[in-house]
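# Per-entry structural report
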Amino acid sequence: MKILLKQLSILLVCFYLSACGGSSDDSINIDPIVTDPVITDPVDPEPPVEPEPPVDPEPPVDPIADITIHMIGDSTMTEYDQSRKPQAGWGEQVPMFVSDKATVRNWARGGRSSRSFYYEDGLWNLVKETIKTGDYLIIQFGHNDQKLGDAYEEFGTYAYCSDGTSNGEDCLDTEHSYYQFLKKYVKEARERGAVPILMTPIVRKYFSGASIRNSGLHDLESVNTGELFARGNYPAAMKEVAVLLDVPMVDLTAQTKAIVEKYGDQAATESLYISADSTHPQVLFATLIAKAAMKSLQQQEVLTDYIIEATSFISSPETLQWNDRYVGVANVKTLTLSAFDLSPNAGNLVATAPDGFLLSNAPDSTNWTTILTVPYENGAFTEKMYVQFTPYSEKSFNDSISFFAGGIDLGAVNVSGNGVAVGNGLPAYSRWFTEGGALAALTDGPITAQDANVVNLDTGSVKTFAVNEQDTGVARFRVYGPDLVSKNDDKYLEFAVTAATQTFSIDTISAWMTTSGGSTVQADIQYSFNSDFSNPVSLNEDPISFSKDTMLLTEYNVTIQVLAENKLYIRIYPYNAAGADTTGKYLAVYDVKVSGLSGD
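This is a predicted model, so every value here is computed, not measured.

## Overview of the pattern of salt bridges
Inspection of every chain in the model, using the stated rule, returns 20 salt bridges. In this structure, lysine 128 and glutamate 188 form a salt bridge, with 2.8 Å as the shortest nitrogen-oxygen distance. Highlighted residues: lysine 128 in helix α4 (residues 124-130) and glutamate 188 in helix α6 (residues 178-191), separated in sequence by 60 residues. The exposure class of glutamate 188 is buried, given its relative accessible area of 13%. When the shortest N-O distance is used, the salt bridge between arginine 325 and aspartate 444 registers 2.3 Å. Of this pair, arginine 325 sits in strand β11 (residues 319-326) while aspartate 444 sits in strand β20 (residues 442-444), placing them 119 residues apart in sequence. An identical accessibility class is assigned to arginine 325 and aspartate 444; each is buried.

So, in structure tokens, the structure goes:
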């Protein structure tokens, strides 16, 4: 109402001035602080105010609007929980380099290609529904676009066109064109008001001498078996889309090539990639990729208001938790520590442990200490550090290990656990095949376990499967020939766990398994208390069957008491129901686990 009265007053004054022959240039007294003009009321004038000297107004400052950075891609970008460390997707590390003015939403999923992500329910359509004007969308696909055989229809693409041409605009078959799907993402993101950003896929660790060969750079020049044309150069196709549609692009293929070649094959195997394969990053590599991606965007003046410098110190896992542990019984966990861009360029990492915890550079060390010094060079390091927790009383321990380099505080890792009296039940487990074909057992609690024993089975190559929607390197064992058409008592995988000073009450035996190379491989699982496996007990009533290349969690709830200092043996027997003449069949096995409570 006040605004309406002001506007009416203006009209009346203007009419009065015009009727009296007033000039249209006559000034009206306007308050410089408010937006609406204020007219001096001639009937009830305000007391005169001494005018202030004019001040040049400051230019308006537009606050940085909060935005969301959406990320879509595959297992090299996705997020992994702590149980999967040191494996990490580089998208997990992007928040390190982004201010709190931006939110990062990582939609990437293991096993997805540019084609499958686009069509899968609950992925691309959900991303689009979530995007708002002003958001950003980072797009990185390529690894799974190269899938072959039965997976081609759902996942496979050619860099440009499936007829072998390298003009992505003229594809007759757009459903298997990487180039065409990238265009779809870009155009549909822009329709939602977002800024699309293209990023080429990170390299695979395929060395030829000191360099990554072309297949590791996603430039596929050879024709796959059963196909007519080579798949082509995926990064080159993405670059052409970026130029055509004027999209910001980061050549992560080139940047990761430089990183991996600088490390070399052996160091890259130890520090950059997980042990199971040459594709998936460890935490350090994921962080270096994220850093390179954000720095490149900053150089292109993209997201400059949101990108920040980040700490160079990384711990995997980020915390160590022992939960309940017997008083006086030591237990060891592992930290993988990484850092880059340190100053000075050479020096010592100094770690200090709190009360109840000790440190060493070897898991079986006889020299545990509260202060551990590790030298480094070239401004960076990746080191494994072992932390021993030995509660000395029935109480809670909760503190941090501190880390310094060159007198600079790098950060801390929280460590915690509880001391409990002997005789109380404690959670305990043993796990095998958690890293590709590695046979070593991982244990937690007052139990011990032997390495997995492969008896009269040929070991195949590690293959990547989706486990809980995360790409995972999985061990495989050949299952074909006349002696494996049914269960063979002389061909099996064996696992053994020993109770320590207390009874181990096992409540669950489980394993992720599938048939690979065909759908005909089956398995049986049995256990025995005897080293010769006499008097075995079967866990499955019917043969365990699988869908080809689909990892299945086979889980049994049991009540098995392993008395102190006794062992339990578990065997998995694979066989091939298709008959003696079939070849190329495997049983794929991941995370064989025995768990329960230890305590009388």
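There's more to say after this.
## Quick notes on the state of the cysteines
Under the defined criterion, the tally for this structure stands at one disulfide. Between the sulfur of cysteine 161 and that of cysteine 171 lies a disulfide, 1.9 Å long from S to S. Looking down the S-S bond of the cysteine 161 and cysteine 171 bridge, the torsion is -80 degrees, so its handedness is left-handed. Remark: cysteine 171 occurs in the loop between α5 (152-155) and α6 and cysteine 161 occurs in the loop between α5 and α6; sequence separation between them is 10 residues. A residue is classified by how much of its surface remains accessible, and cysteine 171, at 10% relative accessible area, is buried.

## Topic: the nonpolar core
If you look at soluble globular proteins, the nonpolar side chains tend to sit buried side by side. Among the nonpolar cores identified, the biggest contains 43 residues, and Trp90, Met199, Met294 and Leu303 are the most heavily contacted of them. Only β1 (67-73), β3 (136-140), β4 (195-199), α8 (252-263) and α10 (283-299) provide two or more residues apiece to this core. Beyond its immediate sequence surroundings of up to four residues, methionine 294 is in contact with Val94, Phe97, Val98, Ile138, Met199 and Ile307. Listed in part, the 37 residues of the second largest apolar core include Val497, Tyr527, Phe546 and Leu587.

## Quick look at the sheet that holds strand β12 (residues 331-339)
Strand order in the open sheet made by the four strands is β10-β12-β16-β14, with antiparallel pairing throughout. Two strands bound the open sheet, and with one partner strand each, they are β10 (313-316) and β14 (357-360). Geometrically, the sheet is characterised by an average inter-axis angle of 30 degrees between neighbouring strands, direction not taken into account. In the packing of α10 onto the sheet, the strands contacted are β10, β12 and β16 (381-389), and the crossing angle to β10 comes to about 140 degrees.

## Concerning the packing of α6 against helix α7 (residues 234-245)
At a closest axis distance of 9 Å, the pairing of α6 and α7 adopts a crossing angle of 35 degrees. The interaxial crossing formed by α6 with α7 has right-handed handedness. Side by side, α6 and α7 meet where Tyr178, Tyr179, Leu182, Lys183, Val186, Lys187 and Arg190 of the first sit next to Tyr234, Ala237, Met238, Glu240, Val241, Leu244 and Leu245 of the second. Of the residues contributing to the contact of α6 with α7, the split by class is 10 nonpolar, no polar and four charged.

## Section: the sheet that holds strand β18 (residues 408-420)
Strand order in the open sheet formed by five strands is β11-β18-β17-β13-β15, with mixed pairing between adjacent strands. Of all the strands in the sheet, just β11 and β15 (371-376) have a single pairing partner and so form its edges. Across the sheet, the mean angle separating the axes of adjacent strands is 20 degrees when strand polarity is ignored. Note: strand β13 (residues 347-352) against β15, six bridges, orientation antiparallel. In the sheet register, leucine 349 faces β15, and the bridge partner there is valine 374.

## Considering unusual backbone geometry
The residue after serine 316, namely proline 317, is reached through a cis peptide bond having omega 0 degrees. Along the chain, proline 317 falls in the loop between β10 and β11. For the bond running from serine 343 to proline 344, omega is 10 degrees, close enough to zero to count as cis. Relative to the helices and strands, proline 344 resides in the loop between β12 and β13. The backbone phi angle of aspartate 246 is positive, close to 55 degrees, even though this residue is not glycine. With respect to the element layout, aspartate 246 can be found in the loop between α7 and β9 (249-250). Despite not being glycine, glutamate 301 shows a phi value in the positive range, around 60 degrees. Tracing the chain through its elements places glutamate 301 in the loop between α10 and β10.

## Some points on the packing of α8 against α10
As a packed pair, α8 and α10 sit with axes 10 Å apart at the nearest point and diverge in direction by 135 degrees. The angle between the axes of α8 and α10 places the two elements in the oblique class. Judged by the sense of rotation from one axis to the other, the crossing of α8 with α10 is right-handed. Of the residues in α10, those in contact with Leu252, Gln255, Thr256, Ile259, Val260 and Tyr263 of α8 are Leu284, Phe285, Leu288, Ile289, Ala292, Ala293 and Ser296. Of the residues belonging to the contact of α8 with α10, the class tally is 10 nonpolar, three polar and no charged.

## Remarks on the confidence of the model for the protein chain
Scored by pLDDT, the protein chain comes out at a mean of 86, with 88% of its residues at no less than 70. Within the model, the stretch residues 1-63 combines pLDDT values under 50 with 15 contacts to residues more than four positions away or in other chains.

## Re the environment of isoleucine 138
The topology assignment puts isoleucine 138 in strand β3. Residues isoleucine 138 and valine 186, 48 residues apart in the sequence, show an inter-C-alpha distance of 9.8 Å. Excluding anything up to four places from it in sequence, isoleucine 138 contacts Ile69, His70, Met71, Ile72, Met77, Trp90, Ile197, Met199 and Met294.

## Some points on the environment of phenylalanine 533
Positionally, phenylalanine 533 belongs in the loop between β27 (521-528) and β28 (537-538). Phenylalanine 533 gets classed as buried once you look at its relative accessible area, which sits at 6%. Taking C-alpha positions, phenylalanine 533 is 8.7 Å from isoleucine 570, a pair spaced 37 residues apart along the chain. Leaving out residues up to four positions away in the same chain, phenylalanine 533 has contacts with Glu494, Gln526, Tyr527, Ser528, Tyr569, Ile570, Arg571 and Tyr573.

## Some words on α7
Here α7 is 12 residues long and its end C-alpha atoms lie 17 Å apart, about the 16 Å a rise of 1.5 Å per residue gives. Structurally, the start of α7 carries an N-cap: the backbone nitrogen of alanine 236 is 3.0 Å from a side-chain oxygen of asparagine 233. Just downstream of α7 lies aspartate 246, where phi reads positive at about 55 degrees.

## Focus on the packing of aromatic side chains
Aromatic ring pairs are defined here through the distance separating the ring centres and the angle between the ring planes. Enumeration over the complete set of coordinates arrives at 22 aromatic pairs. Measuring from centroid to centroid gives 6.1 Å for tyrosine 160 and tyrosine 179, while their planes differ by 35 degrees, and the two rings are tilted. Pair noted here: tyrosine 160 is in the loop between α5 and α6 and tyrosine 179 is in helix α6, with a separation of 19 residues, a long-range link. In this structure, tyrosine 160 and tyrosine 179 share a single accessibility class: buried. Taking 5.5 Å as the distance between ring centres and 55 degrees as the angle between the ring planes, the aromatic pair formed by tryptophan 322 and phenylalanine 357 counts as tilted.

Calculation rules
Residues numbered from 1 in each chain as written. Predicted model: local features only at pLDDT ≥ 70, side-chain atom pairs only at ≥ 80, totals over all residues. Heavy atoms only, no water. Salt bridge = Lys/Arg side-chain N within 4 Å of Asp/Glu carboxyl O. Helix = DSSP H or I, 4+ residues; strand = E, 2+ residues; numbered from the N terminus. Buried < 20%, exposed > 50% of the residue type's maximum accessible area, 1.4 Å probe, protein only. Disulfide = S-S within 2.5 Å. Core = buried A, V, L, I, M, F, W, Y, C linked by side-chain atoms within 4.5 Å. Contact = heavy atoms within 4.5 Å. Pairing = 2+ DSSP bridges. Axes fitted to C-alpha atoms, helices over the stretch in contact; angles between N-to-C directions. Left-handed = near helix turned anticlockwise from the far one by under 90°. Nonpolar A, V, L, I, M, F, W, Y, C, P; charged D, E, K, R; others polar. Parallel < 35°, antiparallel > 145°, perpendicular 65-115°, else oblique. pLDDT = per-residue confidence, 0-100. Expected span 1.5 Å × (residues − 1). Polar contact = N/O pair within 3.5 Å; in protein donor to acceptor, adjacent residues only side chain to side chain. Phe/Tyr/Trp six-rings, centres within 6.5 Å; stacked < 30°, edge-to-face > 60°.

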